[in-house]
Amino acid sequence: MAFARTCSVALVGVEGVVVEVQADLEPGVAAFALVGLADKSLSESRDRVRAAVVNSGVPWPQKKLTVGLSPASVPKGGSGFDLAVACAVLAAAERVEPHRIADLMMIGELGLDGRVRPVRGVLPAVLAAADAGYRQVVVPERTVAEASLVPGVAVLGVRSLRQLIAVLSDEPVPEEEPQPEGRPDPMLAGLAVPGAGHGTGTAVLEHRPDLAEVAGQTAARQALEVAAAGRHHIFLLGPPGAGKTMLAERLPGLLPPLTREESLEVTAVHSVAGTLPAGQPLIDRAPYCAPHHSASMASLVGGGSGLPRPGAVSLAHRGVLFIDEAPECSRQVLDALRQPLESGHVIVARTGGVMRLPARFLLALAANPCPCGRHGLLPEGCDCPPQMVRRYRARLSGPLLDRVDLRVRVEPVGRSELTGSLTPVESTAEVAARVAGARQRAAARYADTPWRTNSEVPGHELRTRWRTGPEALEFAERDMERGLLTARGLDRVLRVAWTVADLAGHDRPDAEDVRQALELRTGVRRGVPAGNVP
């Protein structure tokens, strides 16, 4: 038989498209044509596959060979098609039986010596295969753990093309030479992009930042707890050295562990981006991404040449996106966050295609009060002219800040708080336990709805279906009459009030919960100090 086919997967963003790999041999001058809208890295697979087949001890067919990737209208890239192309060619040349590979999904890059090298994006590729009805996949041996996360799919891990040929032909499987101890494994080079994992917070750290290490900052600690419990975005404003970055770095530890579905979503994004930690096929903790304030639009929301790749907003999916020195960022870049903050995803349109990337994150912004950072401090004072201060603060647009539920003033820590205080402070584990309890109360309340946290619930539902206590909205209504609070602002105050009530164990928000929510929303104290959340 001069024709054979098998299947592989083309990744479009973090979603997979099943691609049929067809091979046809015809009499004529020996040639190798690859068709089907392939990019440069995929076109080079012709040379990789030919060398891998020959070095695996199989003669290359001396005929006119055409390999087609269908559907031809879908852009395809990467080296993950090598294994499928090689097996389709061998089946067309009758080295293996064509029916043995017709229902197999194959993913992997071939080295010139025939070794099967791992590629990025195995998890979303196997998920796409399972959705399409495939129940058997062949992947590189190093990515078996990642592929096995998908239920209902039998995974075969191979180290070389020789091993796969033997399995498909029911022959004895040859043993491969083990990797010498003490040497870096070259087979892992394709799984990670150098430097891409820095700032993503997905690596397993020996020391995780603990909230007990933060001295003082009672109001800011309370705001972090409320932000984690209701998934509310937070803005930290304060002078340099007050602890804004310290607080933001401890926010992911307060978030509950990811559910199985959320873990698969997060792992798929990091697998495609090349930031999946080595030896950790499943990410079960909230990621933390902190891009530099000089980050470009493409690095933040996704993009790049050809098909777009996930940006920081997608790497922070189900976790925390922290932007330090926010006013120093490009205003255009910051305003690009407005759409994913509302929808939970970002749509990136490029010449190579249009794709939808997940981006449901908790945003944490940090900023100094002025360029010199000493505005409002005594006795140092501020050297910035008032016009410069206004221009500096105006870099954060009103529409962006309107989507931030919590605004906290981070005051400098005094000497007594930093060195002389013996008052014990709560650790991350203690606060995270209360956050988990508040999340459970909210999830039980919204059990029959598509929402799980208070920040997701529409304002109309909060005003009509889940009402506050009697006269609880007196302060908020008074602010609306004075023009200090908009309709959207009232909805966000209600969401924060429900989170405060969940942390306090109340059935519904009372007047004190709403007043505390107003303080957290506006950053202005109402004459009564905000009490600690029980």
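Thresholds, definitions, all that
- Within any chain, residue numbers begin from 1 and follow the written order of that chain's sequence.
- Local features in a predicted model are, by the rule used here, given only for residues with pLDDT of at least 70; side-chain atom pairs are given and counted only at 80 or more, and totals for whole chains, interfaces and linings are based on all residues.
- Working from all heavy atoms in the structure, the side-chain values ignore hydrogens and water.
- Working definition: helices are DSSP H or I runs of at least four residues, strands are E runs of at least two. Numbering for both runs from the N terminus.
- Note on classification: 1.4 Å probe, protein chains only; a residue is buried when its accessible area is under 20% of the maximum for its type, exposed when over 50%, partly exposed between these limits.
- Contacts were defined at the residue level, with two residues in contact if any of their heavy atoms lie within 4.5 Å.
- Residue exposure ignores everything except the shown protein chains as possible cover, and the areas themselves are Shrake-Rupley values with a 1.4 Å probe.
- Polar contacts, as counted here, are pairs of nitrogen or oxygen atoms within 3.5 Å of one another; within protein the pair requires one atom able to donate a hydrogen and one able to accept it, and residues that are adjacent in sequence qualify only if both atoms are side-chain atoms.
- Paired strands are those between which DSSP finds at least two bridges.
- In summary, the pairing rule links any two rings of Phe, Tyr or Trp, Trp by its six-membered ring, whose centres are within 6.5 Å, and it sorts them by plane angle into stacked for under 30 degrees, edge-to-face for over 60 and tilted for everything else.
- Axis geometry follows a simple rule: fit a line to the C-alpha atoms, using only the stretch in contact for helices, then measure angles between N-to-C directions, giving values from 0 to 180 degrees.
- The cut-offs work like this: below 35 degrees is roughly parallel, past 145 is roughly antiparallel, 65 to 115 is roughly perpendicular, and the gaps in between are oblique.
- Throughout, the ten residues Ala, Val, Leu, Ile, Met, Phe, Trp, Tyr, Cys and Pro are labelled nonpolar, Asp, Glu, Lys and Arg are labelled charged, and all others, Gly among them, are labelled polar.
- For this analysis, a salt bridge means a side-chain nitrogen from Lys or Arg found within 4 Å of a carboxyl oxygen belonging to Asp or Glu.
- Each nonpolar core is a collection of buried residues, namely Ala, Val, Leu, Ile, Met, Phe, Trp, Tyr and Cys, held together in the definition by side-chain atoms within 4.5 Å.

**Student:** Explanation requested: the overall build of the chain in the structure shown.
**Tutor:** Broken down by element type, the chain carries 22 helices and 16 strands. Once the C-alpha set of the chain is aligned to its principal axes, its extents read approximately 90 × 50 × 45 Å. For the chain, the proportion of its 534 residues judged to be buried stands at 50%. For the chain, the proportion of contacts with a sequence separation of at least 24, taken over those separated by at least 6, is 72%. With the model as given, the accessible surface of the chain reaches about 24000 Å², and the carbon-plus-sulfur share is 53%.

**Student:** What is the right way to look at unusual backbone geometry in this model?
**Tutor:** For residues besides glycine, phi is generally negative; the peptide bonds are generally trans as well. In the segment running from Ser 70 into Pro 71, the intervening peptide bond is cis, with an omega of 5°. Here Pro 71 lies in the loop between strand E4 (64–70) and helix H3 (82–92). With a phi angle near 65°, Glu 94 is a residue other than glycine that sits in the positive phi range. Examined against the element boundaries, Glu 94 turns out to sit in the loop between H3 and helix H4 (98–101).

**Student:** What is the right way to look at the side chain of Arg 515 in this model?
**Tutor:** Among the secondary structure elements, Arg 515 is positioned in helix H22 (residues 511–522). Given a relative accessible area of 16%, Arg 515 falls into the buried group. A polar atom in the side chain of Arg 515 sits 2.4 Å from the side chain of Glu 512.

**Student:** So what exactly am I meant to see when it comes to the pairing of strand E3 (residues 31–35) here?
**Tutor:** Here E3 shows a clear split, with Phe 32 and Leu 34 buried on one side and none of Ala 31, Ala 33 and Val 35 buried on the other. Bridge analysis of E3 against E4 gives five bridges, and the strand direction is parallel. Bridge pairing in E4 places Ala 33 opposite Thr 66.

**Student:** Quick question: what am I supposed to make of the packing of aromatic side chains here?
**Tutor:** Tallied over the entire structure, the rule returns four aromatic pairs. With 5.6 Å between their ring centres and 35° between their planes, Phe 32 and Trp 60 make a pair best called tilted. Of this pair, Phe 32 sits in strand E3 while Trp 60 is found in the loop between helix H2 (45–55) and E4, placing the two residues 28 residues apart along the sequence. Seen in terms of ring centroids, Tyr 446 and Trp 466 are 5.0 Å apart; in terms of plane orientation they differ by 80°. Their pairing is edge-to-face. Placement of Tyr 446 in the loop between helix H18 (428–445) and helix H19 (459–464) and of Trp 466 in the loop between H19 and helix H20 (474–481) is noted, with a sequence separation of 20 residues between them. In this structure, Tyr 446 and Trp 466 share a single accessibility class: buried.

**Student:** Sorry, what's going on with the packing of helix H8 (residues 218–230) against helix H21 (residues 487–504) here?
**Tutor:** Each pair of packed helices can be described by the angle between their axes along with the distance between the axes. Two numbers describe how H8 lies on H21: the axes approach to 9 Å, and their chain directions differ by 100°. Our classification of the angle between H8 and H21 gives roughly perpendicular. Across the interface between the two elements, Glu 225, Val 226, Ala 229 and Gly 230 of H8 pack against Val 496, Thr 499, Val 500 and Leu 503 of H21. Residue classes in the contact of H8 with H21 are distributed as five nonpolar, two polar and one charged.

**Student:** What's the story with helix H5 (residues 122–131) in this structure? I'm lost.
**Tutor:** Quick reminder: α-helices carry 3.6 residues per turn. Residues three or four places apart thus point the same way. Burial runs high along H5: eight of the ten residues are buried. Within H5, burial applies to Val 122, Leu 123, Pro 124, Ala 125, Val 126, Ala 128, Ala 129 and Ala 130. Those residues of H5 hidden inside the fold are in contact with strand E1 (3–12), strand E2 (15–26), strand E5 (105–106), strand E8 (136–140), helix H6 (144–147) and helix H10 (260–273). Looking one or two residues past H5, Gly 133 carries a phi angle of roughly 100°, positive in sign.

**Student:** Quick question: what am I supposed to make of the pattern of salt bridges here?
**Tutor:** A side chain of one charge can pair with a side chain of the opposite charge if their charged atoms are brought near each other. Following the criterion strictly, the structure yields 27 salt bridges and no others. Across the pair Asp 47 and Arg 50 runs a salt bridge, and its minimum N-O distance is 3.3 Å. Within this pair, Asp 47 and its partner Arg 50 are both found in helix H2, separated by three residues, close to a single helical turn. Here Arg 250 ties to Glu 249 by a salt bridge, and the two come within 3.8 Å at their closest N and O atoms. Given a relative accessible area of 6%, Arg 250 falls into the buried group. Overall, Glu 249 belongs to the partly exposed group, its relative accessible area being 34%. Through salt bridges with shared partners, one network takes in Glu 342, Arg 403, Asp 405 and Arg 492.

**Student:** What's the story with the sheet that holds strand E16 (residues 406–409) in this structure? I'm lost.
**Tutor:** For sheets, the rule is that strands pair by backbone hydrogen bonds, running either parallel or antiparallel. Ordered in space as E11-E12-E15-E10-E16, the five strands form an open sheet in which the pairing is parallel. Pairing within the sheet leaves two strands with one partner each, and these edge strands are strand E11 (288–289) and E16. One ladder, built from four bridges, connects strand E12 (residues 320–323) with strand E15 (residues 362–367); its direction is parallel. Opposite Ile 323, over in E15, you have Leu 365 as the bridge partner.

**Student:** Would you mind showing me how to read the packing of H5 against H10 here?
**Tutor:** At a minimum axis separation of 7 Å, H5 and H10 run at an interaxial angle of 120°. Between H5 and H10, the interaxial angle falls into the category oblique. On H10, the residues that touch Val 122, Leu 123 and Pro 124 of H5 are Leu 264, Thr 267, Ala 268, Ser 271 and Val 272. Its residues assigned to classes, the contact of H5 with H10 shows six nonpolar, two polar and no charged.

**Student:** It is not clear to me how the environment of Thr 259 should be interpreted in this structure. Could you clarify?
**Tutor:** Looking at the secondary structure, you find Thr 259 in the loop between helix H9 (244–249) and H10. A relative accessible area of 43% means that Thr 259 is categorised as partly exposed.

**Student:** How do you make sense of the environment of Arg 495 when you look at a structure like this?
**Tutor:** Tracing the backbone shows Arg 495 in helix H21. By relative accessible area, which is 13% here, Arg 495 ends up buried. Separated by 448 residues in sequence, Arg 495 and Asp 47 place their C-alpha atoms 59 Å apart. Excluding residues that lie within four positions of it along the chain, Arg 495 makes contacts with His 232, Asn 454, Ser 455, Val 457, Pro 458, Gly 459 and Leu 462.

**Student:** Is there a simple way to explain the environment of Val 35 in this structure?
**Tutor:** For Val 35, the position within the fold is in strand E3. Residues Val 35 and Gly 68 lie 33 residues apart in sequence; the distance between their C-alpha atoms is 4.9 Å. In contact with Val 35, other than residues within four places in its own chain, are Val 67, Gly 68 and Leu 69.

**Student:** It is not clear to me how the nonpolar core should be interpreted in this structure. Could you clarify?
**Tutor:** In globular proteins that are soluble, nonpolar side chains generally tend to be buried together. Counting 52 residues, the largest nonpolar core has Ile 234 and Leu 251 as the members making the most contacts within it. Core analysis: the next-biggest nonpolar cluster, separate from the first, contains 40 residues, Leu 25, Ala 84, Leu 161 and Leu 168 among them.

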